[in-house]
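Structural overview for review
Chain residues, written in single-letter form:
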Amino acid sequence: MSQATTNPTAYADAVSDVVEFLQRYCEDAIAELAQRYPKEQRHLTVSYDDLFVYDRELAERVRENPTQGFEWFEGALADYPIPNVDLSGAEVRLVDLPDADTYRPLALTKQRPEGYVAVDGDLSKVMEPKPEGEILAYECLRCGNVTTIAQSGESAREPSECPGCERQGPFEFDRSESSFTDYTKIRVETPPDEAGDLQQEYIDGVVRGDLVWHGHDEHGLVARSGDAATVYGMLEYRQTDGENDRLFEPYLDVRAVKFDTDQDETNVDEHRERFEELAARPDAVDVFAESIVPQLYATPEWEAALEALVAYLFAAPRVDIPEGPTYRGDIHMLIVSDYGMGKSMVNSAIADYSPKCIKESVTGMASDVALLAAAVEDDFGAGQWTLSPGILVRANGGHVILDE
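For every chain, the first residue of its written sequence is number 1, and the numbers climb from 1 along that sequence. Since the coordinates come from a predicted model, pLDDT governs what is reported: local features require at least 70, and pairs of side-chain atoms require 80 or more to be given and counted, while whole-chain, interface and lining totals use all residues. Side-chain calculation: all heavy atoms of the structure are included, whereas hydrogens and water are not.

1. Observations concerning the packing of helix 9 (residues 284-292) against helix 10 (residues 300-314)
When two helices pack together, you describe them by how their axes are tilted relative to each other and by the distance separating the axes. Simply put, an axis is a line fit to the C-alpha atoms, just over the touching stretch for a helix, and the angle between two N-to-C directions goes from 0 to 180 degrees. Strands are runs of DSSP state E lasting at least two residues, helices are runs of H or I lasting at least four, and both sets are numbered from the N terminus onward. Interhelical geometry of helix 9 versus helix 10 gives an angle of 95° and a closest axis separation of 9 Å. Between helix 9 and helix 10, the interaxial angle falls into the category roughly perpendicular. For the pair helix 9 and helix 10, the contacting residues are V285, D286, F288, A289 and I292 in the first and L306, E307, L309, V310, L313 and F314 in the second. Under the scheme applied here, ten amino acids are nonpolar (Ala, Val, Leu, Ile, Met, Phe, Trp, Tyr, Cys and Pro), four are charged (Asp, Glu, Lys and Arg), and all others, including Gly, are polar. Grouping the constituent residues of the contact of helix 9 with helix 10 by class yields 9 nonpolar, no polar and 2 charged. Oblique is the label for every angle not falling under 35 degrees (roughly parallel), over 145 degrees (roughly antiparallel), or within 65 to 115 degrees (roughly perpendicular). Any two residues whose heavy atoms approach within 4.5 Å are treated as being in contact.

What follows is the structure in structure tokens.
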């Protein structure tokens, strides 16, 4: 039962407090939302850092009881003083939780934290979005009366009795009087280079509403499959096989998704002077090559390989010749040597220098979807086919290193 129901005065005080917070920290974002609502934008993104600075106690209450906290934010948006605009249907996305409340998938399922949490990983699978019934209408086939029922849980609920004729049906679903929201299912997985071999390190989550279309203008989360992300929500449980089963499957009730792409971007202008200084040196390639793995015993063969790896790290510009061919700047390398020559050491160093890189062993890919992608039929999409991205897709324009 919500705070609004049990204590109206406390609810009103909390909503008033959130309104003041929004006025201080989100005024410009709300003004933009008001201009775009509801056709172009239906959500407001709120930083937990800002909420914590504004009122530590309020922030902790929202994190500990997010269902109640989201009610406060929704009430605050409905009460927000904007002339001629009603934001009562807008969604709130809360992001930027502290590290203490951020987990990898396996740690999340082992520790089973309460409240609002964040999960770091790769968005390894996304189910095709589908409509989910929010309010379903049923027509009594005896008297024609239409009854609407707000839906929750996994299964649709029909009326137990017709209010018109007081008979127990039969009922027929009425599409025209029903309302729907968007629904999809995602899987957040520990990155391949960090995952163990003994357990499946992932957590599935359900996404509803406007958030389904986050991350891509047209295709939403589906188009971001394979990207690194932080997913926010509440850890919930469903029984694996009926109401009497003692075994439960954890899943995430997703309320926000923040992709890590922006964190990998470097402000080139901040380093331009140093870049130009190094580029002007006649021995620039040697300097970079010797910096990759200083502890490596550089044989003449390794010296040549390290120089090639400098080119790999910097890549080359794409050349589009007018009315002619296009030359891509992608560089691919194959390094072959005996055991114990330092290949793994070099691979790890290159991965550390690359802002977006996936390092994987070929033997470890034997049970995966390999390089590109695979259509997989599994229990993730209720027996449907889902597209699982391979290592090249997950790299998303970054570097890929295959060992062994």
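Having put the structure on the table, let's press on.
2. Here's the deal with the nonpolar core
With 35 residues, the main nonpolar core has F21, L22, I30, V46, F73, L77 and Y116 as its most contacted residues. Counting residues per element, this core draws most heavily on helix 2 (residues 8-25), which supplies 6 residues. For L77, the residues in contact, after removing those within four places along its chain, are L22, I30, L44, L87, A90 and V92. Here, nonpolar core means buried Ala, Val, Leu, Ile, Met, Phe, Trp, Tyr and Cys residues that are tied together by side-chain atoms lying within 4.5 Å of each other. Only protein chains enter the accessibility calculation, which uses a 1.4 Å probe. A residue is then buried if its area is under 20% of the maximum for its type, exposed if over 50%, and partly exposed in between.

3. Thoughts on the packing of aromatic side chains
In summary, the pairing rule links any two rings of Phe, Tyr or Trp, Trp by its six-membered ring, whose centres are within 6.5 Å, and it sorts them by plane angle into stacked for under 30 degrees, edge-to-face for over 60 and tilted for everything else. Tallying each qualifying case throughout the model produces 9 aromatic pairs. Aromatic pair F21 and F73: ring centres 6.3 Å apart, planes at 85°, arrangement edge-to-face. Placement of F21 in helix 2 and of F73 in helix 6 (residues 66-79) is noted, with a sequence separation of 52 residues between them. Of the two residues, F21 and F73, both sit in the buried class. Taken together, a centroid distance of 6.2 Å and an interplanar angle of 35° make the contact between Y48 and F52 tilted. Of the two residues, Y48 and F52 both sit in helix 4 (residues 48-54), 4 residues apart, roughly one turn of that helix. Under the relative-accessibility criterion, Y48 is labelled buried at 3%. Residue F52 is classed as partly exposed on the basis of its relative accessible area, which comes to 33%. These aromatic residues form a ring-pair network of at least three members: F21, Y25, Y54 and F73. Here the basic side chain of R187 rests over the ring of Y202, its NZ or CZ set 3.8 Å away from the ring centre. Charges are assigned to positions over rings by a cutoff of 6 Å between ring centre and Lys NZ or Arg CZ, combined with an angular limit of 35 degrees from the ring normal. Cation over ring: R255 sits above F70, and NZ or CZ is 4.9 Å from the ring centre.

4. Structural notes on a nonpolar patch on the surface
On the surface, L371, L372, L392 and L402 cluster together into a nonpolar patch covering about 340 Å² of accessible area. Summarising the element assignment, L371 is placed in the loop between strand 13 (357-361) and strand 14 (373-377). In this structure L371 comes out as partly exposed when scored by relative accessible area, which is 37%. What makes a patch is a set of residues exposed beyond 30% relative accessible area and free of salt bridges, joined within 9 Å when like-charged and within 5 Å when nonpolar (Val, Leu, Ile, Met, Phe, Trp, Tyr). A 1.4 Å probe and the Shrake-Rupley method give the accessible areas. Residues count as covered only by the protein chains that appear here. Whenever Lys or Arg places a side-chain nitrogen within 4 Å of a carboxyl oxygen from Asp or Glu, that contact is recorded as a salt bridge.

5. Concerning the pattern of salt bridges
For the coordinates displayed, the defined rule picks out 15 salt bridges. A salt bridge links E132 to R208; the nearest nitrogen and oxygen atoms lie 2.6 Å apart. Pair noted here: E132 is in strand 5 (residues 130-140) and R208 is in strand 8 (residues 202-208), with a separation of 76 residues, a long-range link. Between R281 and D283 there is a salt bridge, with its nearest N and O atoms 3.1 Å apart. A relative accessible area of 38% places R281 in the partly exposed class. D283 gets classed as partly exposed once you look at its relative accessible area, which sits at 29%. If you follow the salt bridges from partner to partner, you end up with R63, E64 and D101 in one network.

6. Here we look at the state of the cysteines
Here, two cysteine sulfur atoms that lie within 2.5 Å of each other are counted as a disulfide. Summed over all chains, the structure comprises 0 disulfides. Of all cysteine sulfurs in the structure, the one in C143 sits closest to C162, which takes part in no disulfide; the separation is 3.5 Å. Using a relative accessible area of 0% as the deciding quantity, one classes C162 as buried. This cysteine, C165, is not joined by any disulfide, and C140 carries the nearest cysteine sulfur, 3.7 Å off.

7. Section: a negative patch on the surface
Charge counting follows a simple rule: Lys and Arg are positive, Asp and Glu are negative, and His as well as the terminal groups are ignored. Charged groups are reduced to one reference atom each: NZ for lysine, CZ for arginine, CG for aspartic acid, CD for glutamic acid. A cluster of acidic residues, D286, E290, E301, E303 and E307, forms a negative patch at the surface. Mapped by element, the contributors of at least two residues to the negative patch are helix 9 and helix 10. Here the negative patch takes 3 residues from helix 10, the largest share from any one element. Relative to the elements of secondary structure, E301 occurs in helix 10. Given a relative accessible area of 58%, E301 falls into the exposed group.

8. Some points on the environment of D352
Secondary-structure assignment places D352 in helix 11 (residues 343-353). Sequence separation between D352 and I292 is 60 residues, and the spatial gap between their C-alpha atoms is 9.7 Å.

9. Considerations on helix 2
Multiplying 1.5 Å by the helix residue count minus one yields the expected span of that helix. Here helix 2 spans 26 Å end to end across 18 residues, near enough to the 26 Å set by a 1.5 Å rise per residue. Within helix 2, the full set of buried residues consists of A14, V15, V18, V19, F21 and L22. Angularly, the buried residues of helix 2 cover 160° about the axis, an arc narrow enough to put them on a single face. Opposite its buried face, helix 2 presents the exposed residues T9, D13 and R24, each directed more than 90 degrees away. Where helix 2 is buried, its residues touch helix 3 (27-36), strand 1 (43-47), helix 4, helix 5 (56-64) and helix 6. Directions pointing from the helix axis toward each C-beta atom define the arc.

10. Describing the side chain of D174
Mapping D174 onto the fold places it in strand 7 (residues 171-189). Buried charged residue D174 carries no salt bridge. Nearest counter-charge: R175, at 7.6 Å. Discounting chain neighbours no more than four positions away, the residues touching D174 are A137, Y138 and V146.

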